[in-house]
Structure formats: C-alpha cells, structure tokens
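Each chain is listed here by its residues.
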Amino acid sequence: RPLRPQDVPAETMVGVFPEGNVDAGDAPAFAVRLDPGRFSRPPAGGQLDGLAVWSLLCTHAGCPVRLYLKGTGRVLCPCHQSSFDRLAGARPIAGPAARPLPGLPIEVGPDGFLRATGDFTAPPGAGFWSRP
Ligand code: FES
C-alpha cells in the first residue's frame, strides 16, 4: 500500500518497494526517519525532513540488512556482519561489504504519498550481480 511520510515513525525501519516493482528481486528497500541534524553525510537519494530510503540488499552478497541498532543510525547484515552507517551516507563501517547501501530518491507526490523519483543511486545488492 502507498505510504505517506507520517506513516514512517522515527527510528523505525519500514519495508518498501518502488511502485510497480514489487516482484523485482533487486527492488526491496526500507524507509527510516532519522534526525536530519545528525547526518554527517547526506543520504545518496536525498531526504525529506530526515526520511530517507535505501536498498535493503547488502552490498556484500545481497542478504537483507534487517538488523537495526536503534538510536545509532546503523544497520547490520546478519549474514556476514557488515554494518552500514546511514548517518554517514550508509557507508560500510565493518564487515566485508565494500560499497554503501544505494539510496532511492523520493518525493511526496501531489496525492501526499511517497514515491520514487528515479532508480537507486547505485546497483543494489552484491557487486557481482551487475557485472556483464
Ligand atoms: S551478505 Fe551482508 S555481510 Fe555478507
């Protein structure tokens, strides 16, 4: 179902898909609202009063990064323990992942619902998925 910005509570991960891509294997994403004053590096896809969306797929081998250390801005991948700092561009700060989580650019449409304005800022998931 479509989400409005107020449907995303502070410091809570909400799973989302870009509209029309619910069945795409590389489309899972998550939205989180963080304190915008805490970003040391802006989210790659931009932010709306602290609300930002990133790919859910770990850039190491593609597992879902579903473990959230609430209050820290960090998410962990349970597969090989990569950690990403969403307050600093979702860059990897521990573990084998070498690339930041790609961001998803968003806006609020005229109907008040969130929508993606483009593709992820980088290929989602494992780097080897996008090699020719
Ligand atoms: S798949 Fe995430 S750390 Fe390996």
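Quick caveat, the model's predicted, so the values are computed rather than measured.

How each quantity is defined
Residues numbered from 1 in each chain as written. Predicted model: local features only at pLDDT ≥ 70, side-chain atom pairs only at ≥ 80, totals over all residues. Heavy atoms only, no water. Helix = DSSP H or I, 4+ residues; strand = E, 2+ residues; numbered from the N terminus. Buried < 20%, exposed > 50% of the residue type's maximum accessible area, 1.4 Å probe, protein only. Contact = heavy atoms within 4.5 Å. Areas by Shrake-Rupley, 256 points an atom, 1.4 Å probe, with all protein chains shown as cover. Lys, Arg positive; Asp, Glu negative; His and termini not counted. Charge placed at Lys NZ, Arg CZ, Asp CG, Glu CD. Salt bridge = Lys/Arg side-chain N within 4 Å of Asp/Glu carboxyl O. Pairing = 2+ DSSP bridges. Axes fitted to C-alpha atoms, helices over the stretch in contact; angles between N-to-C directions. Core = buried A, V, L, I, M, F, W, Y, C linked by side-chain atoms within 4.5 Å.

It is worth spelling out the overall build of the chain at this point. Within the chain one finds zero helices and nine strands. Mapped in sequence order, the helices and strands of the chain form the string β-β-β-β-β-β-β-β-β. With respect to the principal axes defined by its C-alpha atoms, the chain has extents near 40 × 35 × 20 Å. Relative to its full complement of 132 residues, the chain shows a buried share of 45%. A separation of at least 24 residues holds for 47% of the contacts in the chain among residues at least 6 apart in sequence. Here the chain has roughly 6,700 Å² of accessible surface; of this, 54% comes from carbon and sulfur atoms. Of note, the chain has its 13 positive side-chain charges centred 8 Å away from the centre of its 11 negative side-chain charges.

Here the focus is the environment of Pro-102. Turning to its location among the elements, Pro-102 is positioned in the loop between strand S7 (91-94) and strand S8 (106-108). Among the residues examined, Pro-102 registers a relative accessible area of 1% and is labelled buried. Remark: the alpha-carbon pair of Pro-102 and Gly-125, spanning 23 residues in sequence, is separated by 8.6 Å.

Under the counting rule described, the total for this entry stands at three salt bridges. Across the pair Glu-107 and Arg-115 runs a salt bridge, and its minimum N-O distance is 2.7 Å.

A few words now on the sheet that holds strand S4 (residues 67-69). Working definition: the strands of a sheet are paired by backbone hydrogen bonds and lie parallel or antiparallel to each other. Reading across the sheet, the four strands line up as S4-S5-S6-S7 and stay open at both edges, with antiparallel pairing between neighbours. The sheet is open, and its two borders are formed by S4 and S7, each paired with just one other strand. On average, each strand axis in the sheet is tilted by 35° relative to the strand beside it, whichever way the strands run. With three bridges connecting them, S4 and strand S5 (residues 74-76) associate as antiparallel partners. Counted as the bridge partner of Tyr-68 is Val-75 from S5.

Inspection of the secondary structure puts Gly-95 in the loop between S7 and S8. Residue Gly-95 is classed as partly exposed on the basis of its relative accessible area, which comes to 49%. Taking C-alpha positions, Gly-95 is 8.8 Å from His-60, a pair spaced 35 residues apart along the chain. Setting aside residues up to four positions removed in sequence, Gly-95 forms contacts with His-80, Gln-81 and Ser-82.

Judged by nonpolar contacts, the single largest core of 19 residues is most densely connected at Phe-30, Trp-54, Val-65, Val-75 and Leu-101. Contacts of Leu-101, omitting those with residues within four sequence positions, involve Phe-30, Trp-54, Ser-55, Leu-57, Cys-58, Thr-59, Val-65, Val-75, Phe-84 and Ala-90. Core analysis: the next-biggest nonpolar cluster, separate from the first, contains 12 residues, Val-8, Ala-29, Val-53 and Ile-106 among them.

The next point concerns the sheet that holds strand S2 (residues 29-33). A sheet is described by the order of its strands in space; here three strands give the open sequence S1-S2-S3, paired in antiparallel fashion. Of all the strands in the sheet, just strand S1 (14-16) and strand S3 (51-55) have a single pairing partner and so form its edges. Direction aside, neighbouring strands of the sheet carry axes that sit 30° apart on average. With three bridges joining them, S1 and S2 adopt antiparallel strand pairing.

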